[in-house]
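For reference, the chains in residue letters:
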Amino acid sequence: LQRCSVTGQQEPNDCRDSIGIPCSTIQYKRSQWQIGRISLPIAHSINQETVAYRSDGSFAVLTDRGHAYMYAAPSDQVIRIDNNAKTISHRPPIIWHDRPYRRSKDGDGQCATGILHFGTDFHLSGDTVVAGISVKTWERGDGWFWHEEEHLAPSLDCAVLKSYSIRRNFLLIPTFIDSAEALSVRLGEPDQNLFAAPANYQEVKDPTEDRLRAFVMRNGSRQ
């Protein structure tokens, strides 16, 4: 049985799914700059995203642009919702990350296994706190033209709570900046409304289904 706390983020989180992923609701702010494009010299976008994990193995990703992506563990279905077009799609899992997966091994207090999802050339540079949660900071780059940071939370299966990436041209002028940071982290069972699927939306085919099946056939990837 899963024991689920719904208290604040500073309390121990006893709520986990069957593979050990902590229950949580994380709200992110994401920002991206692209500079120097001919058609659009400066492009900037900002959006917010909510990511939630439940004790039954379900997870959901919801954006402030009206889109939602979720895995419903009880039915073993991947669901996409477009609130702008008022459409919904259902499909079985096709690729391995359609279902929840562990980002780190048990006992990895430094996120040394968690950072491997991003590459093998990162180095641990310190620790800090993001949205009240302790994180380990991992970095890589050449010191001149590019730099990346990933701030991973050991208590949340090494979830990324903050990230930063920058690219510079030969004049060392930034041409691309991408960043994300958790604004809030709520531990415990998420609000069930985050997983609610509208009943009156038009059923359509998942627009990514054919591409995913082709990728799996081509590469031999499995769920």
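Residues numbered from 1 in each chain as written. Predicted model: local features only at pLDDT ≥ 70, side-chain atom pairs only at ≥ 80, totals over all residues. Heavy atoms only, no water.

**Here we look at the pattern of salt bridges**
Filter applied, for reference: Salt bridges are defined by distance alone: a side-chain nitrogen of Lys or Arg within 4 Å of a carboxyl oxygen of Asp or Glu. Under the DSSP-based scheme used, a helix requires at least four consecutive residues in state H or I and a strand at least two consecutive residues in state E, with every element numbered from the N terminus. Accessibility here uses a 1.4 Å probe with only protein chains present; expressed as a share of the type maximum, an area under 20% marks a residue as buried, one over 50% as exposed, and anything in between as partly exposed.
Evaluated as defined, the whole model comprises 14 salt bridges. The partner of Asp 206 in a salt bridge is Arg 80, and the shortest N-O contact between them spans 3.2 Å. In this pair, Asp 206 sits in the loop between strand S12 (202-203) and helix H1 (209-219) while Arg 80 sits in strand S5 (residues 77-82), placing the two residues 126 residues apart along the sequence. When its relative accessible area of 28% is taken as the criterion, Arg 80 is described as partly exposed.

**What about H1?**
The test is simple: Read the arc as the range of directions from the helix axis to the C-beta atoms. Should any heavy atoms of two residues lie within 4.5 Å, those residues are considered in contact.
Turning to H1, its buried residues are Glu 209, Leu 212 and Val 216. Seen end-on, H1 carries its buried residues on one side only, within an arc spanning 70°. Residues of H1 that are exposed and point more than 90 degrees away from the buried face comprise Arg 211, Met 217 and Arg 218. Buried residues in H1 make contact with strand S6 (87-91). Phi turns positive one or two residues past the end of H1, at Gly 220, with a value near 70°.

**Details of the environment of Arg 80**
For the record, the criterion: Side-chain atoms alone can form a polar contact between residues adjacent in sequence; in general such a contact is a pair of N or O atoms within 3.5 Å, and within protein one must be able to donate a hydrogen while the other accepts it.
A sequence separation of 126 residues divides Arg 80 from Asp 206, and the C-alpha atoms of the two residues are 7.0 Å apart. Residues contacting Arg 80, with those up to four places away along its chain left out, are Ala 68, Tyr 69, Thr 87, Ile 88, Ser 89, Asp 206, Pro 207 and Thr 208. Polar side-chain contacts of Arg 80 include one of 3.2 Å to the side chain of Asp 206.

**Let's talk about the side chain of Asp 82**
What counts here: Only four residue types enter the charge count, namely Lys and Arg as positive and Asp and Glu as negative; His and the chain termini do not.
Relative to the elements of secondary structure, Asp 82 occurs in strand S5. Despite its burial, Asp 82 remains without a salt bridge, the nearest opposite charge being carried by Lys 86 at 8.8 Å. Among the polar contacts listed, one links the side chain of Asp 82 to the backbone nitrogen of Ala 85, at a separation of 3.0 Å. Excluding residues within four positions of it along the chain, Asp 82 makes contact with Gly 66, His 67, Thr 87 and Tyr 201.

**A look at a nonpolar patch on the surface**
As a reminder of what qualifies: Within the patch definition used here, like charges are joined within 9 Å and nonpolar side chains (Val, Leu, Ile, Met, Phe, Trp, Tyr) within 5 Å, considering only residues with over 30% relative accessible area and no salt bridge. In this description, accessible areas are obtained by the Shrake-Rupley approach with a 1.4 Å probe, and a residue is regarded as covered only by the protein chains that are shown.
Residues Trp 144, Phe 145, Phe 170, Leu 171, Leu 172 and Ile 173 make up a contiguous nonpolar surface patch of roughly 680 Å² in combined accessible area. Checked against the element boundaries, Leu 172 lands in the loop between strand S10 (159-168) and strand S11 (174-187). Judged by relative accessible area, which is 34%, Leu 172 ranks as partly exposed.

**Description of the state of the cysteines**
For the record, the criterion: The disulfide criterion is simple: two cysteine sulfur atoms within 2.5 Å.
Tallied over the full model, the rule gives 2 disulfides. Each sulfur in the disulfide pair Cys 15 and Cys 23 lies 2.1 Å from the other. Linking Cys 15 and Cys 23, the disulfide has an S-S dihedral of approximately -65° and is accordingly described as left-handed. Each member of the pair, Cys 15 as well as Cys 23, carries the same accessibility label: buried. Here Cys 111 is linked by a disulfide to Cys 158, with a sulfur-sulfur distance of 2.1 Å. The sign of the -100° torsion about the S-S bond sets the Cys 111-Cys 158 disulfide as left-handed. Pair noted here: Cys 111 is in the loop between S6 and strand S7 (123-130) and Cys 158 is in the loop between strand S9 (146-153) and S10, with a separation of 47 residues, a long-range link. With a relative accessible area of 0%, Cys 111 lands in the buried category. Ordering the disulfide-forming cysteines of the protein by sequence position, one finds them joined as 1-2, 3-4.

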